[in-house]
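The primary structure of each chain is shown beneath.
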Amino acid sequence: MSKMTLTTEGETQVIVTRRFAAPPEAVFRAHIDPTLIQQWCLGPDGWTMPVCVNEGKPGGKIRYEWSDGKGGGFFLTGELLEVDPPHRTVHVERMHLPDPTPDNRVITTFAADGAGTLMTMRMSLPDADTRKAMLASGMEHGMEASYARLERLSGWKAAA
Amino acid sequence: MQATQSLDRTFAALADPTRRKILARLARGEATVNELAEPFAISQPAISRHVRVLSEAGLIVQRVEGTKRPCRLAPEALSELEQYLQMLRRALESNYRRLDQLLAKQTKKKETKGDDP
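Residues numbered from 1 in each chain as written. Chains lettered and ligands numbered in written order. Predicted model: local features only at pLDDT ≥ 70, side-chain atom pairs only at ≥ 80, totals over all residues.

Undergrad: Whenever I open this one, the overall build of chain A confuses me. Can you help?
TA: A count of helical and extended segments in chain A gives 3 helices and 8 strands. Order of helices (α) and strands (β) in chain A, N terminus to C terminus: β-β-α-α-β-β-β-β-β-β-α. Expressed as a percentage of its 160 residues, the buried residues of chain A come to 26%. (Helix = DSSP H or I, 4+ residues; strand = E, 2+ residues; numbered from the N terminus. Buried ≥ 20, exposed ≤ 12 C-beta atoms within 10 Å, placed from the backbone.)

Undergrad: It is not clear to me how the sheet that holds strand β4 (residues 61–67) of chain A should be interpreted in this structure. Could you clarify?
TA: Two pairing modes exist for strands in a sheet, parallel and antiparallel, and in both the strands are linked by backbone hydrogen bonds. All names here are of chain A. One open sheet accounts for 8 strands, arranged β1-β2-β8-β7-β6-β5-β4-β3; its pairing is antiparallel. With one partner strand each, in any of the chains shown, β1 (4–9) and β3 (48–54) form the two edges of the open sheet. Across the sheet, the axes of successive neighbouring strands diverge by a mean angle of 20 degrees, strand direction being ignored. The sheet contact formed by strand β5 (residues 73–84) and strand β6 (residues 88–96) spans 9 bridges and is antiparallel. Bridging across to β6, L80 finds its partner in H91. Each of β2 (13–20), β3, β6, β7 (104–113) and β8 (116–124) is contacted by helix α1 (residues 24–32), which is oriented at about 155 degrees to β7, the strand it contacts most. (Pairing = 2+ DSSP bridges. Axes fitted to C-alpha atoms, helices over the stretch in contact; angles between N-to-C directions. Contact = placed C-beta atoms within 7 Å.)

Undergrad: Looking at this model, I keep getting lost on unusual backbone geometry. Mind explaining?
TA: For residues other than glycine, phi is negative in most cases, and the peptide bonds are mostly trans. Going from P85 of chain A to P86 of chain A, the amide bond is cis rather than trans, its omega being -5 degrees. Among the secondary structure elements, P86 of chain A is positioned in the loop between β5 and β6.

Undergrad: Would you mind going over the environment of A24 of chain B with me for this structure?
TA: Positionally, A24 of chain B belongs in helix α2 (residues 17–26). A count of 21 C-beta atoms within 10 Å places A24 of chain B in the buried class.

Undergrad: For this particular structure, what's the right way to read the environment of A26 of chain A?
TA: Note that A26 of chain A resides in helix α1. Residue class for A26 of chain A comes out buried when judged on the 21 C-beta atoms lying within 10 Å of it. For the pair formed by A26 of chain A and T117 of chain A, sequence separation is 91 residues and the distance between their alpha carbons is 9.2 Å. Each residue touching A26 of chain A, except ones within four places of it in the same chain, is listed here: L103 and Q106 of chain B.

Undergrad: Any chance you could explain helix α4 (residues 44–56) of chain B here in plain terms?
TA: Helical periodicity: at 3.6 residues per turn, an α-helix aligns residues three or four positions apart in one direction. Residues and elements named next belong to chain B. Its 13 residues give α4 an end-to-end C-alpha distance of 18 Å, which sits within 8% of 18 Å, the value for a rise of 1.5 Å per residue. Those residues of α4 that sit buried are I47, H50, V51 and L54. In a view along the axis of α4, the buried residues occupy a sector of 100 degrees, so they form one face of it. Seen from the open side of α4, the exposed residues pointing more than 90 degrees away from its buried face are P45, A46 and R52. Looking one or two residues past α4, G58 carries a phi angle of roughly 75 degrees, positive in sign. (Expected span 1.5 Å × (residues − 1). Arc of directions from axis to C-beta.)

Here it is in structure tokens:
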């Protein structure tokens, strides 16, 4: 089963699609209600989101702070530009690692798909290098998760 | 046996957060050891040691350019855009699996409520 696609378009765009077995209203709410976002938008296993601000209206602020529970973490800030429930949001966001990354403009749409929802997230980065850096940073964090899973599976521990 | 050894070396190389950061930096393009050392609060010899571990694991390659030895990701190891996409896909997919569960829980709650007279 492959529900998600992640592709690049042109020099600067990244497009993610995912199907959900719930109506657009519910999927939309899970993307904009802080108490719901905190339950799923966590990245690798073991990470939490102690701070979650999403004001849910045009001009509203976004701030997500992630923690690995061991003193490590990073945060994201952003602003909502359009909020059209339950169809579409447009926002800009940047990661603070701790230096801010260039703005990523994200258009997210939620379309009815049978009894479920097709979500499409279209990210536009300022230039090709920024897109490469963003995907590379995904690699860094994704690697951490894969590595942790591997460690659990095999009982293998890295030499310090 | 040999394949297992090489895999062990790859994972040992990836186990260190500084080395993962070095790889992420090289994913953006070639860099010298000096350039790699810049964002870290550790000495250049320490960075050189990390670079050697990565190089021995076959994750990066170095070329000679005068006195400089610029590093880049080994193409067969990790440099392909598709590889990054694969990693990002996995990270996102674990988020969306959690969202699936959350949505299923909400639907169940609603149905239970709906059944009440």
